[in-house]
Amino acid sequence: MTPSFNSAEDVSKFLRSKNDIDHIVQAASDLIHNRIDVHFPQKQVFVFELICDRLNVPNSQWHSHKDVWVLLIQIWNTLEPRLRTIFKRIRLIEVLVLVLTDAGSDTTTIYDSSHFVPIFEFVDLLLKNVFIEVDDSIMLRILTAYVAFTKSPSFSSTYSMTIHHLFNIMATTDYIPSKKTITKFAHELLIDVCGFLVAHPEDRITTSLFLNVLEVFTLSEHTLSQTIVELGKLKPRKTINVKDPLTYLFDLMTSRTSERDFKTLEDAYRAMIKSEPLLAEPLLSILSKKNKSLSSEFISGIYSQNISSNQKNWGLLIYLLDIDNELATNNAVSLLQVFEQVSDEKLVERFRNAFVGAFVKARELPLFFKDIWYNHRHQDSWRSSALIQLVAEYSKDLTVNQTKDILNFCCEKGTVSSLPLIASVVGGLLKSPTTKTQPLSTVLVEQNNTIFNEITTNNDDIQTLWQIRYSILCLYTESSFESIKEPLYKLLTKTSDDCSYYFYFTMFRAIELFDESYLSGFQFQERFLQFASSCKSKELFDSLFLRWSVIINNLFNKDQVDQLLKTVEANLGFTRLVQIINESSCVLFELKSVSDTIIKRTIKGITGKNPSLINLDLLSVIPEECIDSRDYPLFIDNLQRLSKDRALTNTCITQLNRFTLNPMLNLDFERNLQKMLVFILNCCEDSVTTGLSLVRRIWRTYFARYKEFRSFIDSSFSALTSSIVEDNFPSLQLTLILLTLKPEVQDSNLKTLLNDLEYKYVMFLEKSMLEISLSNTVKDVEVLNWQLQSLLELDYSKSEKVKKAVIQLGKVFNNDSGYDDSKIALFKLITHWEQPELRNATYIAALYIALKSKTMCLNIESPLESYLTRFCTNADSQSLEQLAYYITDSIPLATEEQFPHIISLLVILTGTMRHKDEASQKVFTIILSQIIDVVHKLDISSLILILNTIKSQLSESTWLFKQYSTELTLLLVSKVANQLSNDPNATEEVYILVTQVYSHLLLFHRFKFQSRHHILIRTMIDLLEPLTLKKHNNNKVLGTSKECARAYSRLMANLCEPQATNSYKELANSSLTTSSTIIKKGLRKYLSMLLVSYIAFNLKYNFDSSINDELLRAIYMVFDVLTERELQLVNSTLDFPGKSFYRSLYANYKDQGKWKDN
């Protein structure tokens, strides 16, 4: 507890004592904030000096005490600038290092994430106001302490902003680290920095810092060679895994070295595996993925060392093949012999893929066919379908002559012995254009007709041979196969090689080519059904009805088609069968045999004892035109029966709706009122709209045929009239349907019936609502909502009794948080009934705010917008202004809950103004001014709503924007941009919307800024600041968003490359100067300040590297506009660091950004 003090001397003694630090800091704070009643001259200076002295004491508790730094910031802000020089007494960097070191080494004390915020805030404060010298030795100490701090539970990535700023002070554009610095960093920090980058890729702020550090100390052209030397001297660290960090570092090196600089990568590779031998394979994998070229001596050395070793690294050899193609072509035999020792199938497959890929890259694929594959064709692994498919993918790129040469080679060696080779070539031809396949028809069909004569007994060979035959048949038309027509027939009819589904595919393709009579004497259907029942190939069943539906329809009877459907269902499942039928429905349902069988199965599924949703899904893919109208009653009756099952209701009603588009009025469901009411009762929430539209369609048909069905209609009306009671909800629903059809009725007798029914219905509504208002309770909310909705649909606005009864309901809902749907319905009624007058408009506006304030989820914007549209259309200018002032004047009095809804109301009012008059323009200006005044209070959703509305109006209602309101819009953009610069919760969506609003201003209203380019540039500067790595309270900063940077670049393109408007065209037509040149001339006077601001932000806050890459496109556009005079002005405006950065920036522009004529 802080003691009481009688004099300044007592205070001074206590503050200088060795009492508890908490009490001393509290007393110092009380003294500064005048809570101690003593006269103490220069108390801020005294406390400031005291803190500086205490912080300089080694191992002091003051270093990590949060309140000490808070007090230090408070004193700094109150001190006169001349007195702030006292801070030089603090060895600030030493203190910062001590704080970070203690926090990193102390794992027992866990501070909250905000504990170190004041420390870094004070450092930031100094960095903004004074110059702090930071050299490389100091920076290394800071980084060492900070890297240790990143492992502390108290670490927060926001602190990295401050460290990044300190680093940028040291790392100027002309800074080159000394050899000693590089060595120290490599041995003490490099592994830890890379380790953090590997472990925390999501921390974009700290990642940006450490990547910048690596760029300066490790990866630059001045440091890389020395770093590689030091990497070879790294000592093993038992407690730290160096494999992942070094792999990450090597990945960075490969990205930053040029294609021709393979020596650097080779040296780095040797140095790293010297320190960590286990890195050999991961490092080569990186080189393989990035297609880096290496010297043949380097590759040969690694290969020789590995191939002669007793413990071979198989993965390493595979990556060597990926990197060096010649390794495979020159050492093919020895490599294949070595890999014969490998038993791991996955490893063998990886080797084979890399091996084949090496021949492809070396353009020696024909050599692989003849010298490698053919000689190993007897081995099972070289006959696999996976290898055939792999080589087929490559063989499609062979030339016609190369393909012909391979096919002739296979023909000479024998078809059966070369089956895998032929299969891969033919597989590649299937994916090739006809310009390549056509010249090869002679070789494949005539010269190599042994393919269609050859017999083999090996099951694998049979499969491959029939696959080749089928593929060749798919390549050409009927005219190409005259020579093999007879041999193929003999093969198909006499062979017993039906162990392969390709045998049947070949048969189906032959029938497709030559006609159905080609195999007319050969009854293969039963044989195929037997084969299909025992086959397990998914490919067969997937393609059966997708590819061969016409063949199946023409050659199989309905029972056989049904058996095939069952087989497909058994192997693929009913869901996949429905998908197949849906995918090929445009063909399937044109085929009578197939479509009849599918429909028959569907009827059986629906009318069975256990109908399921999947059967209804099958029905949904069948076009109703394909179903015999005589089957309609069967479908409708069963669907109506099934709709009682809640699990099936939605689908059943959807299908019922399909089959009753033209009601015949001859079904039991249509002719029985009780069944119709039961059907309405069964309609659940998701299907009620569909179900009621179905019933409406039935009764519309009844009304059209009133004389024919008079007896049924009269009895139905009589039954409904007597059943209009609250408990019979379906009757109320049906009554409303009938009454809404009243305008379509012509018959006088039917109109009389409807009038009687309407009278009873209205009487019921009046009575029901009065009962509710008197009892102050609602028995059935669903019924009440329906009643309110029916009033809206039937439009009883002229009935005073109904109005009075409805208004009484408001008392029931007033103090109840429930009844949301009822409140919505009631609000819709009020907005629909009330006249577009000022008194009513203000009432509805107030009601909207009150309802939304209590229940935000109420969706009542649409009826409000409809009413305001009517009001704006009919109201005079004075009424419109008064409504706007009524809403804006309520903002200062609004509660926190009401505020966003008042803004929403203003935005809706803005969007409903349609009259192109001065009153609308004035009201828009009033609303825009008010929004600008309160923009700092707006939440994200309100901002998005406002920006979207203004963006739309800038293009769709250009008449709404006068000169003043246009400049107000630009001011809004600027204010939002400034707000985003300091908002830790800023979102990409808001920033991009702001740039789009600005862009619309330039596209549609640029002529209004003819003499206002200075405010355009000021706003561009405001929009640039949020993209910096400015410190916020959390990680969600716009400075790491590429999308935002791209949006800014697009905006800059609109600014610097203007479109010619009519106003500028007229000006240009009176001279020889183009309109674009006129705009640029006025723009370049002020554009130089944007360039100066970009450089200042880069030096003060820094930009993320990826963001800067995007922004450079925008800055290069600025250079394109500026002349020599403006460029010199920029140079004279900058300080020394700025000029250095400017020279580098301009050099990059001339090298990369400026168009050059080669």
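Residues numbered from 1 in each chain as written. Predicted model: local features only at pLDDT ≥ 70, side-chain atom pairs only at ≥ 80, totals over all residues. Heavy atoms only, no water.

The protein carries the name Nucleolar 27S pre-rRNA processing Urb2/Npa2 C-terminal domain-containing protein in an unreviewed UniProt entry, which gives Scheffersomyces spartinae as its organism.

### Here we look at the layout of surface pockets
Quick note on the threshold: Grid points spaced at 1 Å over the protein atoms alone were grouped into cavities, where a 1.4 Å probe fits but cannot get out, and pockets, open sets with protein on both sides within 12 Å along at least five of seven lines, with lining residues defined by an atom within 4 Å of a point. Grid points are joined across faces, edges and corners, and a volume is the space filled by probe spheres set on the points. Secondary structure elements follow DSSP: runs of H or I of four or more residues count as helices, runs of E of two or more count as strands, with numbering from the N terminus. Classes in brief: Ala, Val, Leu, Ile, Met, Phe, Trp, Tyr, Cys and Pro nonpolar; Asp, Glu, Lys and Arg charged; the others, Gly included, polar.
Approximately 730 Å³ is the volume attributed to the second largest pocket. Val688, Phe729, Gln733, Glu782 and Trp786 are, among the 26 residues lining the second largest pocket, the residues nearest its centre. Listing elements by their share of the lining of the second largest pocket, those giving two or more residues are helix H41 (673–682), helix H42 (688–704), helix H44 (729–740), helix H46 (781–794) and helix H48 (820–833). Its residues placed into classes, the lining of the second largest pocket shows 14 nonpolar, 6 polar and 6 charged.

### Digging into the confidence of the model for the protein
Filter applied, for reference: Note on scores: pLDDT gives the predictor's confidence for each residue, bounded by 0 and 100. In this analysis, two residues are considered to be in contact whenever any of their non-hydrogen atoms come within 4.5 Å of each other.
Looking at the protein, the pLDDT average stands at 82 and 91% of residues meet or exceed 70. A low-confidence stretch, residues 1032–1036 stays under pLDDT 50, and its non-local contacts, those more than four residues away or across chains, total 17 contacts.

### Re the environment of Glu1124
Within the secondary structure, Glu1124 is located in helix H62 (residues 1124–1133). Sequence-wise, Glu1124 and Lys1080 are 44 residues apart; in three dimensions their C-alpha atoms are separated by 14 Å.

### What about the pattern of salt bridges?
Keep this limit in mind: The rule for a salt bridge is simple: a side-chain nitrogen of Lys or Arg has to be within 4 Å of a carboxyl oxygen of Asp or Glu. For every residue, the accessible area (1.4 Å probe, protein chains only) is compared with the maximum for its type, and the residue is labelled buried under 20%, exposed over 50%, or partly exposed between those bounds.
As enumerated under the stated definition, the model contains 28 salt bridges in all. For Lys263, the salt bridge is made with Asp267, and the minimal N-O distance between the two is 3.0 Å. Of this pair, Lys263 and Asp267 both sit in helix H14 (residues 262–275), 4 residues apart, roughly one helical turn. Assessed through its relative accessible area of 53%, Lys263 is described here as exposed. Owing to a relative accessible area of 26%, Asp267 belongs among the partly exposed residues under this scheme. Here Arg1046 makes a salt bridge to Glu1043, at a shortest N to O gap of 2.8 Å. Here Glu1043 and Arg1046 lie together in helix H58 (residues 1042–1056), a separation of 3 residues that amounts to about one turn. For Glu1043, a relative accessible area of 38% corresponds to the partly exposed category. Connected via shared salt-bridge partners are Asp562, Lys566, Glu569 and Arg601.

### So, helix H39 (residues 649–659)
A large share of H39 lies buried, amounting to 9 of its 11 residues. When we look at burial in H39, the residues that qualify are Thr649, Thr651, Cys652, Ile653, Gln655, Leu656, Asn657, Arg658 and Phe659.

### Concerning the packing of H41 against H44
Heads up, the rule is: Here the axes come from fitting lines to C-alpha atoms, over the contacting stretch only for helices, and the angles between their N-to-C directions go from 0 to 180 degrees. Here roughly perpendicular refers to angles of 65 to 115 degrees, roughly parallel to angles under 35, roughly antiparallel to angles over 145, and oblique to all remaining angles.
The interhelical angle for the contact between H41 and H44, taken along N-to-C directions, is 100°, at an axis separation of 9 Å. In terms of axis orientation, H41 runs roughly perpendicular to H44. Here H41 contributes Leu673, Leu677, Ile680 and Leu681 to the contact with H44, which in turn contributes Pro730, Ser731, Gln733 and Leu734. Counted by class, the contact of H41 with H44 contains 6 nonpolar, 2 polar and no charged residues.

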